[in-house]
Amino acid sequence: MNFLRGVMGGPSAGPQPSGADTIQKLCDRVASSTLLDDRRDAVRALKSLSKKYRLEVGIQAMEHLIHVLQTDRSDSEIIGYALDTLYNVISNDLEEEEQDDSEEENSAKQVDDLGSQFTEIFIKQQENVTLLLTLVEEFDFHVRWPGVKLLTSLLKQQGPQVQQIILVSPMGVSRLMDLLADSREVIRNDGVLLLQQLTKSNAAIQKIVAFENAFERLLDIITEEGNSDGGIVVEDCLLLLQNLLKNNNSNQNFFKEGSYIQRMKPWFEVGDDNCGWSAQKVTNLHLMLQLVRVLVSPTNPPGATSSCQKAMFHCGLLQQLCTILMATGVPADILTETINTVSEVIRGCQTNQDYFASVNAPSNPPRPAIVVLLMSMVNERQPFVLRCAVLYCFQCFLYKNQKGQGEIVSTLLPSTIDATGNSVSAGQLLCGGLFSTDSLSNWCAAVALAHALQENATLKEQLLRVQLATSIGNPPVSLLQQCTNILSQGDKIDRRGSKVQTRVGLLMLLCTWLSNCSIAVTHFLHNPANVPFLTGQIAENLGEEEQLVQGLCALLLGISIYYNDNSLENYRKEKLKQLIEKRIGRENFIEKLGFISKHELYSRAAQKPQPSFSSPDHMMFDHEFTKLVKELEGVICKAIYKSSEEDKKEEEVKKTLEQHDNIVTHYKKVIREQDQELEELKQRVNTLTSQNEQLQATVTQQVSQIQQHKDQYNLLKVQLGKDTQHHNSHGDTFQMNGIQTEEVSKLKEELEEWKNKHELLQGQLKEKDSVIEKLNSSQLEMGTTEQSSQTSKFGGLEHNNELQKELEMLKSQIQLQSAEISKLQMENQKLQVMNTTADPMLGDSGATAASSELEGRLEQEIKQLKSEVKTLSEEKESLKQHLDSSSSTVAILQDEKSKLQREVAESKKEQDDLLVLLADQDQKISALKIKLKDLGVPVEDEDDTESGDQGDEDEDGDEEEQD
């Protein structure tokens with residue numbers, strides 16, 4: 001009861017209320033009853049009393065309720081009542097809802113303290129939290145849902161302690177992640193709230209939750225709920241995503257590598273009809289924009305930010321944001337947050353900055369988005385937060401963007417100003433804001449122009465060429481001179497807003513302009529009124545508001561000394577330092593210079609790049625300018641105290657350093673060129689290497705294909721080449737993709753052999769022709785006497801027999817030769833067929849040059865074989881012709897032989913009759929002469945012709961009979 005007395009504020013006195021007695025009785029029933037129904041009824045009664053008698057139930061019943069959770073887990077109903085009772089005791093949400101606005105703050109503090117103390121009692125035993133994690137795993141709705149709410153309340157009251165217990169519990173975080181997959185939306189939604197509390201300010205748990213596929217599940221829930229049009233569930237999921245990603249580089253990289261940035265694009269697909277934005281939609285879209293900013297925040301590591309920026313450009317997220325930026329009907333707070341989001345998406349990323357420069361507003365005529373935004377920035381009727389967002393967007397556009405800086409400054413140069421006046425440029429808007437009567441516009445324009453000159457000495461020199469027409473009839477004045485004129489006039493001009501703000505903005509612009517630019521310092525000092533004005537401002541003792549102006553004037557004068565090249569005799573470094581010593585004093589000068597860094601607004605501006613001010617009066621310093629002050633404050637203090645000799649030495653050192661820098665720059669340029677050449681050579685080597693690898697792969701593939709074709713050809717050769725041994729010899733040796741020289745030589749030798757045989761047969765035919773001619777000539781000489789004629793007839797018959805035999809032999813040789821020729825022709829046809837079947841295979845495989853060469857050789861050999869076969873065919877025809885002529889000659893000789901035989905018989909009869917018919921000898925002799933003429937003796941041509949015709953007819957008859 002000591003705890004009760006401490007909470008109630010003192011010792012209890014008087015009778016206890018009836019509620020306490022009832023609670024005590026119920027606790028006794030829970031502790032002592034053996035029936036489950038009795039214990040269940042008692043716990044139900046404690047639940048009903050826990051809201052009204054929170055303190056009493058918490059003190060008396062907590063231990064019994066925890067015991068119920070441990071022992072009665074089989075009954076889901078009593079477990080649910082116990083969890084609800086503990087939730088009512090520990091949670092402060094119920095008490096806060098019942099409080100009225102008129103209650104005192106100490107009552108709220110007492111409620112918070114009560115929930116925290118009960119939570120501390122519950123988690124004192126870590127087993128209680130482990131038990132609760134086990135109950136959350138139960139699928140029963142009456143157990144799981146109260147368990148989720150109770151664990152969420154514990155995390156709200158004692159977050160770090162409960163987080164540590166869950167972290168060391170086996171699979172503690174993983175078991176809670178299963179809540180997101182629950183099909184019951186109530187449990188799933190409360191699970192999101194539980195994970196919100198669990199992941200607050202605990203990087204270890206954040207990583208575990210992220211690697212438990214939380215991003216995928218949360219994005220799915222957002223998509224199912226309708227993205228930005230969804231309800232409060234979408235808001236809870238977005239808050240949980242922010243917890244997981246904010247200041248957690250590991251989760252940010254995991255989110256990017258998982259391609260989840262691409263899934264954010266549909267969130268910002270706002271329709272054309274933007275009227276009727278609900279409050280929930282505005283809240284959801286605001287959180288979505290903040291989530292994008294978390295990924296590209298300037299406080300993140302530069303590498304991580306750059307990769308996220310590139311991913312947002314490539315997936316079209318930046319384009320979608322620019323569409324919202326230029327849309328109409330968008331609420332002001334959403335438009336402001338969109339501008340801030342676009343600012344950080346393009347900050348320091350050249351690709352995104354170039355794209356943003358190309359965006360045009362949907363106006364007639366179209367205007368660049370930068371111009372439209374600058375028009376809002378210098379318009380004093382626009383909201384203050386919107387103007388700050390536009391300034392931040394312009395600063396991010398120019399951050400590390402020399403191309404964009406040059407484009408902005410070029411709109412101020414005389415050669416590029418639009419003479420027609422049809423369009424308003426960014427430079428004209430900045431000048432208009434710089435010299436307007438609104439101090440906030442002056443400050444914003446000055447800071448924006450200073451960012452256009454940031455770390456760019458070339459543009460600082462070009463900006464000196466800008467001339468302004470102040471009034472009609474007066475000569476134009478340079479921009480630098482006009483800034484110093486407005487600065488010197490001070491309070492004489494009636495302005496709206498802070499009077500100090502305009503001068504602070506102009507001084508920041510001049511300090512940025514003159515720093516690290518000796519030519520600009522010379523132009524500034526060339527005006528004789530500038531140095532006296534600065535020394536006068538620094539030397540005066542002004543109020544607290546003016547101290548900031550005095551510090552900036554001291555900084556500007558110090559820059560004029562430090563970056564002075566001593567080109568003006570009256571304003572050399574030494575003379576300016578003497579002037580400070582006489583008019584101001586070194587210590588006083590250093591003190592006034594220190595006013596800047598000691599100012600509260602300076603410290604706020606130095607924290608982050610985004611200009612965030614509670615009111616326009618607090619808008620004094622720019623983040624980039626604070627870096628410049630930090631860089632120059634020390635060197636200016638040293639420069640003020642240096643003597644002339646030290647200045648000379650410093651000048652010499654500077655010259656030496658400049659020469660060294662020039663040499664280094666030259667070598668850097670050479671190295672850069674060599675690096676470029678080396679990169680080109682590397683690219684060429686890589687290209688050639690890749691080509692070589694491709695060619696090697698192609699060769700390997702073709703070699704394998706050739707081998708396959710060889711195998712296929714060998715298989716076909718085996719199938720087609722088993723007809724004859726000669727064919728096998730040719731088929732075995734002939735290959736589609738490679739013919740051996742020995743095999744070719746064998747074929748040539750065989751052809752030569754057949755040619756020789758052919759020539760031999762031709763010679764034999766010629767010999768036979770000569771024999772026939774001799775026989776004919778010998779027959780012509782058979783006319784002298786009968787005896788000589790008979791003798792010649794018998795000799796001719798013998799020769800005719802020999803000739804017939806030789807002709808028969810010749811015919812048989814010709815037939816053999818014809819058979820060989822036909823055989824060669826058949827083999828040639830088979831080779832042609834095999835060649836045609838192999839050609840498509842080679843064509844499909846894309847054979848190499850070597851296979852093409854072999855094919856050419858093969859075709860050439862085949863053509864040669866064809867020509868030789870053709871020649872043999874022609875020779876065969878000629879042999880046939882010779883054979884026909886020889887056959888006709890033989891037929892004639894046979895006819896003559898038969899006639900001679902008849903004549904011989906008749907001659908024998910005549911010789912027998914000579915003894916009887918001597919008287920008729922002369923007549924018989926004349927008859928014999930006539931017969932001789934008939935046999936072909938050139939005595940009478942008519943007889944010879946008749947006998948020849950008769951012989952031809954007889955020969956034709958004999959041939960027909962033979963056929």
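These numbers were taken from a predicted model, which means no experiment stands behind them.

Trainee: Any chance you could explain the overall build of the protein here in plain terms?
Mentor: For the protein, the count of helices and strands is 44 helices and four strands. Here the protein, with 963 residues, has 45% of them falling under the buried criterion. Long-range pairs, those at least 24 residues apart, make up 72% of the contacts in the protein with a sequence separation of at least 6. About 50200 Å² of surface is accessible on the protein, with carbon and sulfur atoms providing 50% of the total.

Trainee: When you look at the environment of Q578 in this model, what are you seeing that I'm missing?
Mentor: Along the chain, Q578 turns up in helix 33 (residues 573-583). Assessed through its relative accessible area of 40%, Q578 is described here as partly exposed. Spatially, the C-alpha atoms of Q578 and I640 are 9.4 Å apart, while their sequence positions differ by 62 residues.

Trainee: Explain the UniProt feature "repeat: ARM" (unreviewed entry) in the protein here, please?
Mentor: Mapped onto the present numbering, the UniProt feature "repeat: ARM" (unreviewed entry) falls on residues 60-93. Helix makes up 82% of residues 60-93 and strand makes up 0%, while its end C-alpha atoms are separated by 21 Å.

Trainee: Would you explain the environment of V371 in this entry?
Mentor: Mapped onto the elements of the fold, V371 is located in helix 22 (residues 369-377). The exposure class assigned to V371 is buried, which follows from its relative accessible area of 7%. For the pair V371 and Q428, spaced 57 residues apart in sequence, the C-alpha separation works out to 9.7 Å. Those residues in contact with V371 that sit more than four places away from it in its chain are V424, A426 and L429.

Trainee: How do you make sense of helix 13 (residues 203-211) when you look at a structure like this?
Mentor: For an α-helix, the turn length of 3.6 residues means that residues three or four places apart are oriented alike. Within helix 13 the residues assigned to the buried category are I205, Q206, V209 and A210. The arc enclosing the buried residues of helix 13, seen along the axis, measures out at 135°, which places them on a common side. At its buried positions, helix 13 is contacted by helix 10 (159-168), helix 11 (172-177), helix 12 (185-198), helix 14 (214-225), helix 15 (232-245) and helix 16 (249-257). Phi turns positive one or two residues past the end of helix 13, at N213, with a value near 65°.

Trainee: Explain the side chain of H623 here, please?
Mentor: Looking at the secondary structure, you find H623 in helix 37 (residues 623-641). In terms of polar contacts, H623 uses its side chain to reach the backbone carbonyl oxygen of K608, at 3.3 Å. Ignoring any residue separated from it by four or fewer positions in sequence, one finds H623 in contact with A605, A606, Q607, K608 and P609.

Trainee: Please clarify how the packing of helix 32 (residues 544-562) against helix 37 should be interpreted in this entry.
Mentor: Close contact between helix 32 and helix 37 brings their axes to 9 Å; oriented N to C, the two are set at 60°. Crossing of helix 32 against helix 37: the hand is left-handed. Contacts from L552, L555, G558, I559, I561 and Y562 of helix 32 reach helix 37 at F625, V629, L632, V635, I636, A639 and I640. When grouped by side-chain class, the residues that make up the contact of helix 32 with helix 37 number twelve nonpolar, one polar and no charged.

Trainee: Any chance you could explain the packing of helix 12 against helix 15 here in plain terms?
Mentor: Where helix 12 meets helix 15, the closest approach of the two axes is 9 Å, and the angle between their N-to-C directions is 30°. The pairing of helix 12 with helix 15 is recorded here as roughly parallel in orientation. The way helix 12 lies across helix 15 gives a crossing that is left-handed. Contact with helix 12, carried on its side by R188, N189, V192, L193, L195 and Q196, involves V233, D236, C237, L239, L240 and N243 of helix 15 and no other residues of that element. Considered class by class, the residues forming the contact of helix 12 with helix 15 number seven nonpolar, three polar and two charged.

Trainee: Looking at this structure, how should I read unusual backbone geometry?
Mentor: With an omega of 0°, the peptide bond between N364 and P365 qualifies as cis. Topologically, P365 is positioned in the loop between strand 1 (360-361) and strand 2 (367-368). Positioned with a positive phi, N213 is a non-glycine residue whose angle comes to about 65°. In this structure, N213 sits in the loop between helix 13 and helix 14. Phi is positive for S259, which is not a glycine, with a value near 60°. Looking at the element boundaries, S259 is found in the loop between helix 16 and helix 17 (279-295). Given a relative accessible area of 39%, S259 falls into the partly exposed group.

Trainee: Got a minute to help me understand the pattern of salt bridges in this structure?
Mentor: For side chains bearing opposite charge, pairing can occur when the charged atoms are close. Enumeration according to the criterion identifies 24 salt bridges in this entry. A salt bridge links E137 to R175; its shortest N-O distance comes to 3.3 Å. Of this pair, E137 sits in the loop between helix 8 (126-136) and helix 9 (141-157) while R175 sits in helix 11, and the two are 38 residues apart along the sequence. For E137, a relative accessible area of 41% corresponds to the partly exposed category. As a salt-bridge pair, D438 and R387 come within 3.1 Å of each other at their nearest N and O atoms. Highlighted residues: D438 in the loop between helix 25 (426-434) and helix 26 (439-453) and R387 in helix 23 (residues 384-398), separated in sequence by 51 residues. Each member of the pair, D438 as well as R387, carries the same accessibility label: buried. Salt bridges here are not isolated pairs; linked through shared partners, they connect D37, R40, D41, R44, D75 and E77.

Trainee: Please explain the confidence of the model for the protein as it appears in this structure.
Mentor: Segments scoring low in pLDDT should not have their predicted coordinates read at a detailed level. Averaged over all residues, the pLDDT of the protein is 81; the fraction at 70 or higher stands at 77%. Of the regions scoring below 50 in pLDDT, residues 1-17 engages in 15 contacts with residues more than four places distant in sequence or in other chains. Scored below 50 in pLDDT, residues 837-850 makes 14 contacts in the model with residues more than four places away or belonging to other chains.

Trainee: Help me understand the packing of aromatic side chains in this model?
Mentor: Where two aromatic rings form a pair, the distance of their centres and the angle of their planes describe that pair. All told, the structure shown has 13 aromatic pairs when counted by the stated rule. For the ring pair F215 and F254, a centre distance of 5.9 Å and an interplane angle of 35° mean the geometry is tilted. Taken together, the positions of F215 in helix 14 and F254 in helix 16 put the pair 39 residues apart, joining distant regions of the chain. The class for F215 is buried, based on a relative accessible area of 0%. For the ring pair F313 and Y355, a centre distance of 5.8 Å and an interplane angle of 65° mean the geometry is edge-to-face. Within this pair, whereas F313 is found in helix 18 (residues 302-314), its partner Y355 is found in helix 21 (residues 350-358), the two being separated by 42 residues in sequence. Y355 sits in the partly exposed class, given a relative accessible area of 23%. Among the aromatic residues, those joined into a ring-pair cluster are F211, F215, F254, F255 and Y260. Residue placement shows R184 over the ring face of F139; its charged tip is 4.0 Å from the ring centre. Just above the ring of Y399 sits the side chain of R347; from NZ or CZ to the centre is 3.9 Å.

Trainee: Is there a simple way to explain a nonpolar patch on the surface in this structure?
Mentor: A cluster of nonpolar side chains, namely I663, Y667 and I671, defines an oily patch on the protein surface of about 320 Å² accessible area. What makes I671 partly exposed here is its relative accessible area of 45%.

Trainee: It is not clear to me how the state of the cysteines should be interpreted in this structure. Could you clarify?
Mentor: Each disulfide consists of one covalent bond between the sulfur atoms belonging to two cysteines. Under the defined criterion, the tally for this structure stands at zero disulfides. Of the cysteine sulfurs around C393, a residue in no disulfide, the closest is that of C396, at 6.9 Å.

Trainee: Honestly, helix 34 (residues 586-593) in this entry has me stumped. Any pointers?
Mentor: Of all the positions in helix 34, only F589, K592 and L593 are classed as buried. Buried residues of helix 34, viewed axially, fall in a sector of 100°; they line one side. On its buried side, helix 34 packs onto helix 31 (530-539), helix 32, helix 33, helix 35 (595-598) and helix 37.

Rules of the game
Residues numbered from 1 in each chain as written. Predicted model: local features only at pLDDT ≥ 70, side-chain atom pairs only at ≥ 80, totals over all residues. Heavy atoms only, no water. Helix = DSSP H or I, 4+ residues; strand = E, 2+ residues; numbered from the N terminus. Buried < 20%, exposed > 50% of the residue type's maximum accessible area, 1.4 Å probe, protein only. Contact = heavy atoms within 4.5 Å. Areas by Shrake-Rupley, 256 points an atom, 1.4 Å probe, with all protein chains shown as cover. UniProt positions renumbered as here; feature names shortened; annotations may be inferred. Arc of directions from axis to C-beta. Polar contact = N/O pair within 3.5 Å; in protein donor to acceptor, adjacent residues only side chain to side chain. Axes fitted to C-alpha atoms, helices over the stretch in contact; angles between N-to-C directions. Left-handed = near helix turned anticlockwise from the far one by under 90°. Nonpolar A, V, L, I, M, F, W, Y, C, P; charged D, E, K, R; others polar. Parallel < 35°, antiparallel > 145°, perpendicular 65-115°, else oblique. Salt bridge = Lys/Arg side-chain N within 4 Å of Asp/Glu carboxyl O. pLDDT = per-residue confidence, 0-100. Phe/Tyr/Trp six-rings, centres within 6.5 Å; stacked < 30°, edge-to-face > 60°. Lys NZ or Arg CZ within 6 Å of the ring centre and 35° of its normal. Patch = residues over 30% accessible without salt bridge, like charges linked within 9 Å, V, L, I, M, F, W, Y side chains within 5 Å. Disulfide = S-S within 2.5 Å.

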